[in-house]
Amino acid sequence: MNPSEGLVGVGWLTVSAVLYLVALGVALRCLPWAVLVRERGIQHLLFGAAVVMMLMWTLRAGISPGLSIHFVGMTTLTLIFGWDLAICAGTAALIGLTLMGRESWTEFLPNALCFVVIPTLVSYAIWRLVEWRFPKNFFIYLFLCAFLGGGIAAMSGGMTMGALLWLSDTYPWSKIYHEYVRYLPLIMFPEGLVNGIIMTGMMVFHPDWIRTFDARRYIDEQ
């Protein structure tokens, strides 16, 4: 879901820059720096996640520049690492893709806003809502946070990019809808499924690696 060079106008590029940099600044301020420096295992896990994201984002499909679709995967990063580390890991993956020439530096900020920040914050908001309103249950967490949350997060990021391309007069809305928006619901199920499968494995084999999952409350006390 990346626009090619020059697709987003200067005005909306500035809006994207401000929103993304504010989110990144808050994330960097909230990072558990002491734990990151002390725990090399977390460093390796975070680096590995960024590499996997970078490879996953290279697989995409589309017709016109800027109207291509790929898996997002930010819900898994958010649930495992928390929203702050997820934004940093997603940023690292996007930087890697840009250095490889798969993304344009001029569109780095809109991409980061739409496919790193927006999906991360949507996933985090869904998790907080589930924690607040629903019982502490393994399957509720898995279905609502990972499966449903992953689909909604991907849809939110895609709609944000579609809105940016429309508001900046890159494409008429009819073209964006017919080549892009109407296909977004089709990616929701596989996106949710991928996130759900990964989180199921993590919850079964390494629940201690998941920052948003308390095995004692979700499993031991049931």
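Residues numbered from 1 in each chain as written. Predicted model: local features only at pLDDT ≥ 70, side-chain atom pairs only at ≥ 80, totals over all residues. Heavy atoms only, no water.

## Some thoughts on the overall build of the protein
When its secondary structure is counted, the protein shows 10 helices and 2 strands. N-terminal to C-terminal, the α/β element order of the protein is α-α-α-β-β-α-α-α-α-α-α-α. Radius of gyration (C-alpha) of the protein: 17 Å, near the 17 Å computed for a compact globule of 222 residues. In terms of its C-alpha atoms, the protein occupies a principal-axis envelope of roughly 55 × 35 × 30 Å. Taken across its 222 residues, the protein has 50% of its residues classed as buried. A separation of at least 24 residues holds for 76% of the contacts in the protein among residues at least 6 apart in sequence. Placing the 13 positive and 13 negative side-chain charges of the protein at their respective mean positions leaves the two points 4 Å apart. (Helix = DSSP H or I, 4+ residues; strand = E, 2+ residues; numbered from the N terminus. Rg over C-alpha atoms; globule rule 2.2 N^0.38 Å. Buried < 20%, exposed > 50% of the residue type's maximum accessible area, 1.4 Å probe, protein only. Contact = heavy atoms within 4.5 Å. Lys, Arg positive; Asp, Glu negative; His and termini not counted. Charge placed at Lys NZ, Arg CZ, Asp CG, Glu CD.)

## A word on the pattern of salt bridges
Throughout the structure, instances matching the rule amount to 3 salt bridges. Across the pair Asp84 and Arg211 runs a salt bridge, and its minimum N-O distance is 2.7 Å. Here Asp84 is found in helix α5 (residues 83-99), whereas its partner Arg211 is found in the loop between α9 (184-205) and α10 (215-220), with 127 residues between them in sequence. Measuring nitrogen to oxygen at the nearest pair gives 2.8 Å for the salt bridge that ties Lys175 to Glu179. Taken as a pair, Lys175 and Glu179 lie in helix α8 (residues 173-179) at a separation of 4 residues, close to a single helical turn. A relative accessible area of 26% places Lys175 in the partly exposed class. (Salt bridge = Lys/Arg side-chain N within 4 Å of Asp/Glu carboxyl O.)

## Side note on the layout of surface pockets
Empty pockets left among the atoms are what a rolling probe the size of a water molecule brings to light. If you add up the space inside the largest pocket, you get close to 200 Å³. In terms of lining, the largest pocket is formed by 13 residues, of which the most central are Ala49, Val52, Thr76, Leu77 and Ile198. Of all elements in the fold, only α3 (40-57), α4 (74-81) and α9 reach the threshold of two or more residues within the lining of the largest pocket. In terms of residues, the lining of the largest pocket owes the most to one element, α3, which gives 5 residues. Looking at the lining of the largest pocket, its residues break down into 10 nonpolar, 3 polar and no charged. (1 Å grid on protein atoms, 1.4 Å probe; cavity = no way out; pocket = protein on both sides within 12 Å on 5 of 7 lines; lining within 4 Å. Points joined across faces, edges and corners; volume = space filled by probe spheres on them. Nonpolar A, V, L, I, M, F, W, Y, C, P; charged D, E, K, R; others polar.)

## Observations regarding α4
Extensive coverage of α4 is indicated by the burial of 8 of its 8 residues. Taken residue by residue, α4 has Met74, Thr75, Thr76, Leu77, Thr78, Leu79, Ile80 and Phe81 as its buried positions. Along its buried surface, α4 packs onto α3, α5, α6 (108-133), α7 (138-167) and α9. Phi for Gly82, located one or two positions after α4, is positive at around 95 degrees.

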